[in-house]
Each structure stands twice: as structure tokens, then as C-alpha cells.
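Breakdown of the fold
These are the residues of each chain, in order.
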Amino acid sequence: MAFFVGSLVIVEVILILQLIAARRIKTEISKSIQQMIIVGAEITLVVFLQTICTDEILSRALFGLYFCSTDWLMFIVGKFILLYTNNERYLRRFYYSFPLLIFDIFFLGLNIEHQFAFSVVKTDTLMGEFYKFVPGPLFQVHGVIIYCLVAFSLIVLAVKIVKAPFIYKKKFYFVFAVIMVIVGLNAVIMFVGDTLDFSVYGYAGGALLFYYFALNYIPGELINQTISAVSREAREGIIIFDEEVCTFANNAAMTFLKVEGDVLLGKSKEEIIKNYLDKESGITEDDMEFNYTDSDSSEPKYYKVSYHTLYDAKGEHIGGSLTIYDKTDEDKELREQIYLATHDTMTALYNREHFFTRAEEVLANDPDTKYVIIASDITRFRLVSDLFGEELADRVIIKISEELRNALPKEAIYGRLYSDRFAILLPKRLHDEKMLISIADSVNRVDKQYAYTIKMCFGVYEVVDRDLPVNVMCDRALGCITSIKEDYRKYVAYYSEESLESLKREQEIISELDDALENGDMTVFLQPIVKYDGTVVGAEALARWIHPVRGLISPGVFIPIFEKRNLIVKVDVYVWELACKILNRWVREGKDWFVSVNISTKDIYFVDVFDVFTRLVSKYSIPPEKLRIEITESAVAQDVKTVTELITRLQRIGFVVEIDDFGSGYSSLNMLKDFTADVLKIDMKFLSNADEDKRSKEILRSVISLAKNLGMVVITEGVETREQADFLEEHHCDLYQGYYYSKPVPEAEFIQKVDEIKNTI
Ligand code: C2E
Ligand code: CA
Ligand code: CA
């Protein structure tokens, strides 16, 4: 008996520990298990008290409490079973059994007094002295209630066992068995009667087993089966190895490696990689990744293979996994995208950008071979689509691409630049004029039924300067076609030797610019601007390059080159600064002359012209109106909006803005409408023989009067004779500039000339 009482204490402690553990899990099912444990613990306590109880009435009460508790326990077990079998939806209906429990409580409560369900008698057995339970006539009332609850749980479980997939059946079998054992134990105790209530071990053990099955147990087999089911169907090939050999390969892996059945099983990782994935080196490494191309199939397949060594939680090697990923479709899509980005859709030749890139690559990688760039163009191609429709135009384009494909040697790189223009990069030794002529010939005869004859021509540029961008080479090749466009006998033009020479000179000039600016070889000459009576009012600053070897170079030579190569801004900013230095000196010496400087259109795109000028006048303390800014009419016409804005801002600060070379462009009169310059500068050179030609004189006269009506000051430049000056004076021209007064001269000479001019005129 002492042993039984002691064991009850131990059971109680275990249950309390279990309860603490179960509380960590916050699910409905865990809650019902906790309730089960609490009731189990309570029953154990009741059995404990009852065993040591020496009072008959109290013993009856404790037995009553014990029976009520078993009701509760079974009620909770029922609830647990519903949850455990995923039958939550029946919970509400199950709760309708609740009144039965209340009834049993009353029933067993009344029994304390009336003893109709059971009574207790003192017994003295080998186990010791205690009150034992003797069923009364109505004990079966409690019996029916409790067995109904038990039966309910067992039926729910049985149904679940029948329905559940095989792999899950096991966990329900266990629970079923546990309930059977508890109930069986209880029945035996009841039947024997003369013994201590060992069935309490069953309740406690049952609660523990439920706890384990419901909350902690996931059958290992289930895990394995789930994983292998998933991996078997996975899209990636998966091969698993233990420490030495392959233990599993999924369907995808076998398809990729073209094997069937158990062929891979038992083979080592090295063997599989070497024999099936064609890889020899590095295969003993722990982790690796490589690409494998299977070219044996009708369409090549591309795989990404990776091997990872697996370690357990303690860091011990337990095997490895090889995954094979089929990236054929991805690669294909990528290749298609690259293709689209680099090819012309209509002809499937390289597009412009890709042709340039490829040509640049070839030129860079093969510096010892001489190359030519050949560009093709069709004269009046636009007319083809205008007259005969897009369709014929497209046919011509496609025909060209076909001819190029057929005729060009494999060393040629070629593509479509745009519209009807194509370009070819070819080793010079393979260049063959006859081949080009025959291409042109087939293209020109593309559709005889149309009377209109197109003419395909080629321009050839020999790549002498490899540093030039390929697009510039193409421009040169295209540029020289102009010379033969209208000559029906010629199909091939060459970028000329002469222009090659001039190109070399350009190259030299460009390479010397920085030195010239640094050494002061670049300087300005001043050309006086005078009133009719010879009073000098200002000067135009004109760039001069005093070259140490070649002597004085005129801006007519170098300005256009620098403009073309976008270097003009270097010269201009330099000249503007020189002009400001001169003005600064003059202001300090009390000389009241202005200096006008030239700006080129390109300057506007390379520096903030407004910013440069305002900084300069402030740096050299010059009143802005002393610095005049000449901008040619054609520069304005190129980008009216930007230039107008700039000029307005400059004028607001006080700069005087002049329109240079007025009359040289086409939009002269029109531009005066949107544009308010302070000064209009007309060039005599544009009006040939103004002194003789009546019409020219008339135009000059009208322009002067127009400018004056618009409130502008008029300067005429290029005045070479007294007659011209007189004529202009007659028509109220304000200021004059020209060889008649003075050529552009260095500053010192300019100052000397001021009086000289005044005296001679
Ligand atoms: P431009 O601005 O029209 O300058 C006037 C040009 O006419 C100057 O030529 C000048 O020497 C020349 N000239 C002056 N009077 C006469 C004359 O009576 N008869 C003849 N036949 N010519 C005369 P230059 O100095 O050779 O300059 C040529 C062009 O170069 C200038 O034309 C201007 O457009 C440009 N240029 C000169 N210096 C600069 C500069 O610093 N920056 C920029 N962007 N362009 C400049
Ligand atoms: Ca000028
Ligand atoms: Ca001019």
C-alpha cells in the first residue's frame, strides 16, 4: 500500500511536468491534452486521498468524485479525438452530451447519502486496510454514461482508421489501443473490486501517450515517404548519396541522364559525374557547380549541375545531393533576346549597333590585317517607297541582304545601318570591286516591271585610323558615294587619298591643340571696328595660331576641324579669356573700346556659356556691354529656342549680342521675327560686286533699313573700298569693319593704328 501511495505521488509529479511541457504548444489539440492531464492529475489525487481515507462517508464522497472525474476525462478524450481526427465540425454536437455529465454529478452526489449506486466497505487484504467499492443496484446509470462516451471516441477513431490513407492509419491505431487499454484496465479493477485502483496508471499513461502522438510524433516513415514522393515528381533531377554511394535518384534525374531502373543506385558520386555528366576534373571536391551540355539529343540540352555535401547537426558527413537543373528553355530565351537585340528584324543581319560593336572588336583583335569599310546606299531610295509603295521598298532591302549573304566571304562582318544603307567590314585583300558591282547589278534589277531604275552604290573607306569610331568610318564611306551618285557608269567610290592626307593633317592639328593653348601659340588678332569718319569704337577678336613650325595658321583652317571634332569650345573659352584680359587693360587705361568675340553653336552644348561669360566679366572687372558676343545666324537657326533663351539671359545682364554673317543662311528674314539681337552684322562678301550690281545694292539698302527699323545697330564687315564705305554711309550704316580700314592685327599694332586710321580716312 505504501508503494501504491508513493507511486501515486510520482505519477502526480510526472503529470504536472507534462502539463508544463504541453502548455508551450498553443493549439486547440494541445489545450484538450492539457485538460486531460489536469483531470488525470485530479483523479490521481482523488485516488490518493481515497486510499488513505479512514472515514466511510468521506470515502463514498471520494469515490463519487472519482467517478464524476472519469466522466470528465472521457468527455475530454472525446473532444480530443474529434480534434485529432480532424472532425472539429462535430464538436458542437458533441457538447450536447454535456447534460449527461451534470446528471451523473447529481446522481453520484445523492449517492453519498442514499447509496443506490454504490457503497463502500472496509476491507483488509494483503495490500493493507482500505475502503473498497461495492456496486449498488443503480451503478449501471453511471456505467452507461461513461461507456457511451468511450464508445463515441472509439467509433470516431474506427471510422477514421478506415478512411485514412495507409501511412496515417498507424497513429490512429495507437490511440485506439491506448483507449482500449485504459478502459480494459478500469473494467478489470471494477470486476475484481478487492484491489487498489491501479487503473489510475492507465489514465496517466494514456494522457502521456496522447501527448506524444498528437503533439510530438511524426512517423519517420511518413517523412521519408513524403520527401521521396515530392522529389520523385520534382522537375529538377535529384540524386542522393550516403557517405559512399547513390541511394536514391528521382525520375527527372534518370530522364536527364537517360538511365532506367536502379542503374544509378550503388554507384559513387565520382562514377556518376564522370560517366553520365562528362566531367573529369574537380569531381572529388566537396561542393561544386558546372554546366553540362547534352548534344546527343536531337536538340541539345543544357543543364546546370550542382553537388552539395550534407552534414548532420553535429557537423558529421552524412552524404550528399546532386541536383541537375534543365536550363535549356531559359538559355534559349536568353539567346533569343540577345538575337533580337543585335539583329535587324527585317533582314536578320546585324543591326547598326551590333555591327559597330563587332567591327570594333575585329579591328581591335586583329591589328596586323588591313581592313576596308564598305557602305552601300541607293540613290533616291525614298522615291521607291513613295512611288511604288513600302512593299517594293522592303523587297529591295531584303534582296540586298540576300545578295550580301551570298556574295561576301565568310571573313566579312556586315549589317544594316538604317533604311537602305548597309555596311561591311572586310580584310582589304578580299576587297573585290567586281563582287560589289555584281551585287549592285542584281539589286538594281530587283523588279524589272517598274520603269524606275534604282542605283545601288558603294563607298569604300580604307581603315587607316583605327582609333576612329566605326560609325565615323561608315560616314566617310557613305560620304564619298556622293561623288558618283549621278554617274551612271560608276558603282564604287573611294574615300580619296587627298582626303586621307587632309585627315592626317586634321589629326596633327588636333593633337597639337593642347600644347598650343598651353604655350600661348594660340592668340588673338584685333580688327578695328570704326565709324564712317574713321573713329575706332571697338574691335573683333579673331583667333590666330602662331605655329612654331608652320607659321601663322588662319582660323579658316583650324576652326572647322575643331568644330567637327567638338573641340571648338576649348579654343573659344581661351579666346574669350584673352579678349577679357585686353578689355581689362583698356578699362584701366581709360580706353573706351569694346571687343566682340565669336561663339560657335557647339559651345552651347559643351559649356554653360552664360556662366562662363558672367564669370569672366566679373573676374576681369569689365562692364558687360564692353564684351560683345557674335553668334552666326545659322547657329541660331539650328536651335532657335535654346539660343534665343541664352541670348535673352545674356542681354539682361548687359552683354551686347550681335548676329554675325547675316544673309549667309536661308532663314535670315524670318529669324528676325523671333529674335532680338542688339546688332546686325552684314558681310559684304555675300553680296558680290555690291558696288556694281544694282540688285545687290538694293538688297543691302533694304536690309540696313529693316534692321534699323527693328532698332538694331548695323555693322557691315568686309568693307574693302572707299566706294563701299560711301555707299553704306549713304544708307545709314552705323559701323564698318574691313581691310579698307585695317586687317586683323596684334593688340600693340591695333593701338598704333587707331590714330592712323582716323587721320587717313
Ligand atoms: P567672321 O567671324 O565672319 O570674321 C570675319 C572674317 O573676315 C575674319 O577672317 C577677317 O579676317 C575677315 N575679314 C575682315 N575684313 C575683311 C575684308 O575686308 N575682306 C575680306 N575678304 N575678309 C575680311 P578670319 O579671321 O580668317 O576668321 C574667319 C572665321 O573664323 C571668322 O569669320 C569666324 O567665323 C571664325 N573665327 C575666327 N576666330 C574665331 C574664334 O575665336 N572662335 C570662333 N568660334 N570662330 C572664330
Ligand atoms: Ca565674327
Ligand atoms: Ca562675320
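Since we're looking at a predicted model, the values are computed, not measured.

Concerning the overall build of the protein
Counting its secondary structure elements, the protein contains 28 helices and 21 strands. Here the C-alpha atoms of the protein give a radius of gyration of 53 Å, more than 25% beyond the 27 Å that 2.2 N^0.38 yields for 761 residues. Considering only C-alpha atoms, the protein reaches an extent of 160 × 70 × 55 Å along its principal axes. For the protein, with 761 residues in total, the buried portion stands at 48%. Long-range contacts, defined as pairs at least 24 residues apart, comprise 61% of the intrachain contacts of the protein with a sequence gap of at least 6.

Focus on the site of ligand 1
Around ligand 1, the surrounding shell holds 21 residues, and the nearest of these are Gln-527, Arg-544, Asp-572, Glu-720 and Tyr-739. Taking Asp-572, its side chain carries an N or O atom lying 2.6 Å from a nitrogen atom of ligand 1. Between ligand 1 and Asp-661, the relevant distance is 3.2 Å, taken from an oxygen atom to a side-chain nitrogen or oxygen of the residue. Calculation on ligand 1 without its partners gives an accessible area of 780 Å², and the protein chains cover 84% of this total.

Quick notes on the packing of aromatic side chains
Two aromatic rings are characterised by how far apart their centres lie and by the angle between their planes. Scanning the model with the defined rule gives 36 aromatic pairs in all. Centroid distance Phe-63 to Phe-133: 5.8 Å. Interplanar angle 35 degrees. Geometry classified as tilted. You can see Phe-63 sitting in helix H3 (residues 56–84) and its partner Phe-133 sitting in strand E2 (residues 128–135), a full 70 residues away along the chain. Exposure remark for Phe-63: the relative accessible area of 7% places this residue in the buried category. Put simply, the rings of Phe-63, Tyr-66, Phe-67, Phe-118, Phe-133 and Phe-139 pair up and form one aromatic cluster.

Focus on the coordination of the calcium ion (ligand 3)
Looking at the calcium ion (ligand 3), one finds its protein donor set to be Asp-660 (OD), Asp-661 (OD), Glu-717 (OE) and Glu-717 (OE), positioned 2.0 to 3.1 Å from the metal centre. Considered as a linear motif, the donors of the calcium ion (ligand 3) on their single chain read D-D-x55-E. Between the calcium ion (ligand 3) and the calcium ion (ligand 2), both coordinated by Asp-660, there is a metal-metal distance of 3.9 Å. Residue Asp-660 is classed as buried on the basis of its relative accessible area, which comes to 7%.

A word on the nonpolar core
Core analysis: the biggest nonpolar cluster contains 80 residues, and Phe-558, Phe-562, Phe-613, Ile-631, Leu-728 and Phe-750 have the highest contact counts within it. Broken down by element, the residue count for this core peaks at 11 residues, all from helix H20 (residues 568–588). Among all residues touching Phe-558, those that are not within four sequence positions of it are Ile-509, Met-522, Ala-543, Arg-544, Trp-545, Ile-553 and Val-571. Listed in part, the 64 residues of the second largest apolar core include Cys-68, Phe-75, Leu-91 and Ile-182.

Quick word on the packing of helix H22 (residues 609–619) against helix H24 (residues 640–653)
Running from N to C, H22 and H24 cross one another at 20 degrees; their axes reach a closest spacing of 10 Å. Overall, the two elements H22 and H24 adopt an arrangement that is roughly parallel. Judged by the sense of rotation from one axis to the other, the crossing of H22 with H24 is right-handed. Judged by residue contacts, Val-609, Phe-610, Phe-613 and Thr-614 of H22 engage Leu-646, Arg-649, Leu-650 and Ile-653 from H24.

Overview of the sheet that holds strand E4 (residues 246–249)
Ordered by their spatial adjacency, five strands build an open sheet running E4-E3-E7-E6-E5, and the pairing between neighbours is antiparallel. Pairing within the sheet leaves two strands with one partner each, and these edge strands are E4 and strand E5 (288–294). The average undirected angle you get between the axes of adjacent strands in this sheet is 20 degrees. Direction of pairing for strand E6 (residues 301–311) relative to strand E7 (residues 317–326): antiparallel, over a ladder of nine bridges. Among the inter-strand pairings, His-308 is bridged to a residue of E7, identified as Ser-321.

Quick word on the pairing of strand E17 (residues 627–632)
Taken across its six residues, E17 has five buried, putting it largely inside the fold. Note that strand E16 (residues 594–599) and E17 share five bridges and pair parallel. By the bridge assignment for E17, Asn-598 is matched with Glu-630. Summarising the sheet, E17 and strand E18 (residues 656–662) pair through five bridges and their orientation is parallel. Within E18, the residue paired with Ile-631 across the bridge is Ile-659.

Notes on unusual backbone geometry
Despite not being glycine, Ser-419 has its phi angle at roughly 45 degrees, a positive value. With respect to the secondary-structure elements, Ser-419 resides in the loop between strand E9 (413–418) and strand E10 (421–427). Classification of Ser-419 as partly exposed rests on a relative accessible area of 34%. The phi dihedral of Ser-621 is positive, around 45 degrees, even though this residue is not glycine. Inspection of the secondary structure assignment puts Ser-621 in the loop between H22 and E17. You can call Ser-621 exposed: its relative accessible area is 54%.

A word on the environment of Ser-59
One can find Ser-59 in helix H3. Through-space distance from the C-alpha of Ser-59 to that of Leu-154 is 32 Å; in sequence the pair is 95 residues apart.

Thresholds applied
Residues numbered from 1 in each chain as written. Chains lettered and ligands numbered in written order. Predicted model: local features only at pLDDT ≥ 70, side-chain atom pairs only at ≥ 80, totals over all residues. Heavy atoms only, no water. Helix = DSSP H or I, 4+ residues; strand = E, 2+ residues; numbered from the N terminus. Rg over C-alpha atoms; globule rule 2.2 N^0.38 Å. Buried < 20%, exposed > 50% of the residue type's maximum accessible area, 1.4 Å probe, protein only. Contact = heavy atoms within 4.5 Å. Near = heavy atom within 4 Å. Polar contact = N/O pair within 3.5 Å; in protein donor to acceptor, adjacent residues only side chain to side chain. Areas by Shrake-Rupley, 256 points an atom, 1.4 Å probe, with all protein chains shown as cover. Phe/Tyr/Trp six-rings, centres within 6.5 Å; stacked < 30°, edge-to-face > 60°. Donors = N, O, S within 2.8 Å, 3.2 Å for Na, K, Ca; no water. Core = buried A, V, L, I, M, F, W, Y, C linked by side-chain atoms within 4.5 Å. Axes fitted to C-alpha atoms, helices over the stretch in contact; angles between N-to-C directions. Parallel < 35°, antiparallel > 145°, perpendicular 65-115°, else oblique. Left-handed = near helix turned anticlockwise from the far one by under 90°. Pairing = 2+ DSSP bridges.

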